[in-house]
Amino acid sequence: MTRPTPISGFPEFLPAEQLVFDRVLATIRATYERYGFTSIETPAVERRDTLVARGGDDKEIYTLSRLTTGSGSTETELALHFDLSVPLARYVAQHADGLVFPFQRAQIQKVWRGERPQAGRFREFYQADLDVVGRGRLGLTYDALLPAVISDTLSAIGVGPFCIRLNHRQLLQGWATGAGLPAALVPAALRVLDKLEKIGIDAVRTQLTSTCGLNPARVTTFLELATASRPGTQVLDDLAAGALPLNAALEQGIQELQDVTATMQALGVPDTHYRLDLSVARGLGYYTGTVYETGLQAFPTLGSICSGGRYENLAEAFGPERFPGVGMSIGVSRFVPALMAAGVLAPAAATCAPVLVTTLRQTLRAETFRLGAELRQAGINTEMYLESDRLGQQLRYAARKGFVLVAIVGEDELAAGVVRVRHLATGTEQVWPRDTWTADVRRWLAEPA
């Protein structure tokens, strides 16, 4: 039989790595919930026409079919969702009368996208989305709340230095039209600008002037503003003072970014966690206001690990009612494997239980069961070793899996009414009476390693 091999683009982890990944997901969920965002879960599938209509690349969408059916046709109208924004739009349109607005939603699920696997990109991956959706209207304060939540989330995970870069689509719209570009060609120019980090300033300047037809002097001025390092909101002050010819769209973008950054400061977001960046364009067409890109400073080649923006009508494809919102999404699968490989999020134990209860003799197995039950009733995750192996082999098993403590009860301990507990890292042993031993275990586990 052929030895199994990995399927490209569909990651899986060893137990110690999976525990790290699960802890990251739990940290994200806990931080989102701390701000009052309620988790929802939608089916893995949506209707194919819905996914395509909402901007999905039909070459990257995985459709569903059955191997065989009684009718002979295996085709279905369903496909796996490629992001969590389309399911949210459908969910809001479908359940609007049962939701309370503003609707603060969190959603952490797998998505599937048939793109070429490469570093940080998979065909099956986790996203952790955060959105606030209004009915008819949504205040600008939420544009500041979301990066505050993301700032706390990434800090809690311990990803190292990061920066949330902010910009505004109206600011970009105002610059492009002010530089002489017809409105219909603005999206193409913004797609070029969005590639600044990938292709460099000279290539972007060439494409904006020769391909898009923008005024060379206006392009140069804007790119100088976009790439210069300025403290705080200095770039907005420069724009407001006339660094670029002002128009209504540009002024709207400047004012809203000033309001957003001021609110972020009031929410306690550290200055080191964000900056304004005029090159952030976000290629998705439905963003209309604030846009975000987040990178890890020690891992620039990963690109953005968290992005999003403001949209004027989330569910426009499903009816006339208007649902404005703002959202950000963490690409969990994008950064966790890289940070594990670098030791930033280092896998440790291959078990979620800190304690192993040994079985010295099969005649003492009932005692093993009782010890395990006592620890679990005390809220301590516990595994029991139930094979007929010598203690030395059980201890080697415990060391390989990374248990902290091993509980040992032989006939002598049973007769004396005590439990012998060994700390694997130090080799230290303690002997505790049965009526207090679970509290003693808890206390020992709480001590610094």
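Our structure's up above, just so we're on the same page.
Every chain begins its residue count from 1, and numbering advances along the sequence as written. In keeping with the model being predicted, local features are shown solely for residues with a pLDDT of at least 70 and side-chain atom pairs are shown and tallied solely at 80 or more, while totals for entire chains, interfaces and linings include all residues. Each side-chain value is worked out from all heavy atoms of the structure, with water and hydrogens disregarded.

Trainee: Can you help me understand the nonpolar core in this one?
Mentor: By nonpolar core is meant a set of buried Ala, Val, Leu, Ile, Met, Phe, Trp, Tyr and Cys residues that side-chain atoms within 4.5 Å join together. Residue burial is assigned from relative accessible area. The probe radius is 1.4 Å, only protein chains are included, and a residue is buried under 20% of its type maximum, exposed over 50%, and partly exposed in between. Membership of the largest hydrophobic core comes to 75 residues, with the highest contact counts inside it found for Tyr32, Phe222, Ile330 and Phe335. Think of it this way: any DSSP run of H or I at least four residues long counts as a helix, any run of E at least two long counts as a strand, and we number them from the N terminus. Among the elements that line this core, the one with the most residues is helix α4 (residues 141–157), at 8 residues. If near-sequence neighbours (up to four positions away) are discounted, Tyr32 is found in contact with Phe37, Ala106, Ala128, Asp129, Leu130, Val149, Ile150, Thr153 and Ile330. Counting 16 residues, the second-largest nonpolar core is a separate cluster that includes Leu88, Leu99, Val280 and Val291. Throughout, a contact is declared for two residues whenever any of their heavy atoms are within 4.5 Å.

Trainee: How should I be thinking about the sheet that holds strand β9 (residues 287–296) in this particular structure?
Mentor: Consider a sheet: its strands pair through backbone hydrogen bonds, and that pairing is either parallel or antiparallel. Taking strand neighbours across the sheet as the criterion, the 8 strands line up as β1-β5-β6-β11-β10-β9-β7-β8 in an open arrangement whose pairing is mixed. The open sheet has two free edges, formed respectively by β1 (38–39) and β8 (274–276), since each of these has just one partner strand. What makes two strands pair is DSSP finding at least two bridges between them. Taken together, the 7 bridges between strand β7 (residues 162–168) and β9 define a ladder with antiparallel strand orientation. Note that in β9 the partner of Arg165 across the bridge is Glu293. Here helix α5 (residues 169–178) sits on the sheet in contact with β7 and β9, set at roughly 50° to β7. Comment: axis = line fitted to C-alpha atoms, over the contacting stretch for helices; angle = value between 0 and 180 degrees taken between N-to-C directions.

Trainee: Quick question: what am I supposed to make of unusual backbone geometry here?
Mentor: Negative phi values dominate among residues other than glycine, just as trans dominates among peptide bonds. Pro102 follows Phe101 through a cis peptide bond whose omega is 0°. Tracing the backbone through its elements, the reader meets Pro102 in the loop between α3 (85–95) and β5 (103–112).

Trainee: Would you take a moment to explain the sheet that holds strand β3 (residues 63–65) for this structure?
Mentor: Overall, antiparallel pairing links the 3 strands, which are arranged β2-β4-β3 in an open sheet. Every other strand in the sheet has two partners, leaving β2 (45–47) and β3 as the edge strands with one partner each. Neighbour-to-neighbour, the strand axes of the sheet open up by a mean angle of 50°, direction not taken into account. One ladder, built from 3 bridges, connects β2 with strand β4 (residues 75–80); its direction is antiparallel. Residue pairing for β4: Arg47 is matched across the bridge by Leu78.

Trainee: Looking at this structure, how should I read the pattern of salt bridges?
Mentor: Side-chain pairing between opposite charges can occur once the charged atoms of the two side chains come close. Salt bridges, as used here, are contacts in which a Lys or Arg side-chain nitrogen is within 4 Å of a carboxyl oxygen on Asp or Glu. For the structure on display, the rule yields 23 salt bridges. With its nearest N and O atoms 3.0 Å apart, the salt bridge here joins Arg135 to Asp97. Of this pair, Arg135 sits in the loop between β6 (124–133) and α4 while Asp97 is found in the loop between α3 and β5, placing the two residues 38 residues apart along the sequence. Arg135 gets classed as partly exposed once you look at its relative accessible area, which sits at 34%.

Trainee: Can you walk me through the packing of helix α13 (residues 365–377) against helix α16 (residues 437–446) in this structure?
Mentor: If you want to describe how two helices pack, look at the angle between their axes and the distance between the axes. Packing of α13 against α16 brings their axes to within 10 Å, and their N-to-C directions diverge by 60°. In terms of axis orientation, α13 runs oblique to α16. Of the two possible hands of crossing, α13 and α16 adopt the one that is right-handed. For the pair formed by α13 and α16, the contact residues are Leu371, Glu374 and Leu375 on the first element and Trp437, Thr438 and Val441 on the second. By definition in this entry, angles of less than 35 degrees are roughly parallel, angles greater than 145 are roughly antiparallel, angles of 65 to 115 are roughly perpendicular, and the rest are oblique. We call a crossing left-handed when the near helix sits turned anticlockwise from the far one by less than a right angle, and right-handed when that turn is clockwise.

Trainee: So what exactly am I meant to see when it comes to the side chain of Thr351 here?
Mentor: With respect to the helices and strands, the residue Thr351 is situated in the loop between α12 (332–341) and β12 (355–357). In the analysis that follows, any N or O atom pair within 3.5 Å is treated as a polar contact, provided that within protein one partner can donate a hydrogen and the other can accept it, and provided that, for residues neighboring in sequence, both atoms belong to side chains. A polar contact of 3.0 Å, which involves the side chain of Thr351, links it to the backbone nitrogen of Ala353. Thr351 has contacts with Leu19, Glu383, Lys401, Gly402 and Phe403, leaving out every residue within four places of it along the chain.

Trainee: Explain the environment of Asp194 here, please?
Mentor: On the secondary structure map, Asp194 appears in the loop between α6 (186–193) and α7 (196–199). Spatially, the C-alpha atom of Asp194 lies 21 Å from that of Glu60, the residues being 134 residues apart in sequence.

Trainee: Looking at this structure, I do not really get the packing of aromatic side chains. What am I missing?
Mentor: Working definition: an aromatic ring pair is given by the centre-to-centre distance plus the angle between the planes. Two rings from Phe, Tyr or Trp (for Trp, the six-membered ring) form a pair when their centres are within 6.5 Å of each other. A pair whose planes differ by under 30 degrees is stacked, one over 60 is edge-to-face, and the rest are tilted. If you walk through the whole model with that rule in mind, you get 11 aromatic pairs. Where Tyr385 meets Tyr397, the ring centres are 5.1 Å apart and the plane angle is 75°; that geometry is what we call edge-to-face. One end of the pair, Tyr385, is in the loop between β13 (382–384) and α14 (391–401); the other, Tyr397, is in helix α14, with 12 residues separating them in the sequence. On the basis of relative accessibility, which here comes to 9%, the residue Tyr385 falls in the buried class. Through a chain of ring-to-ring contacts, three or more aromatic side chains come together here, namely Phe13, Phe21 and Tyr126.

The quantities given are spatial measurements derived from coordinates; they are silent on function.
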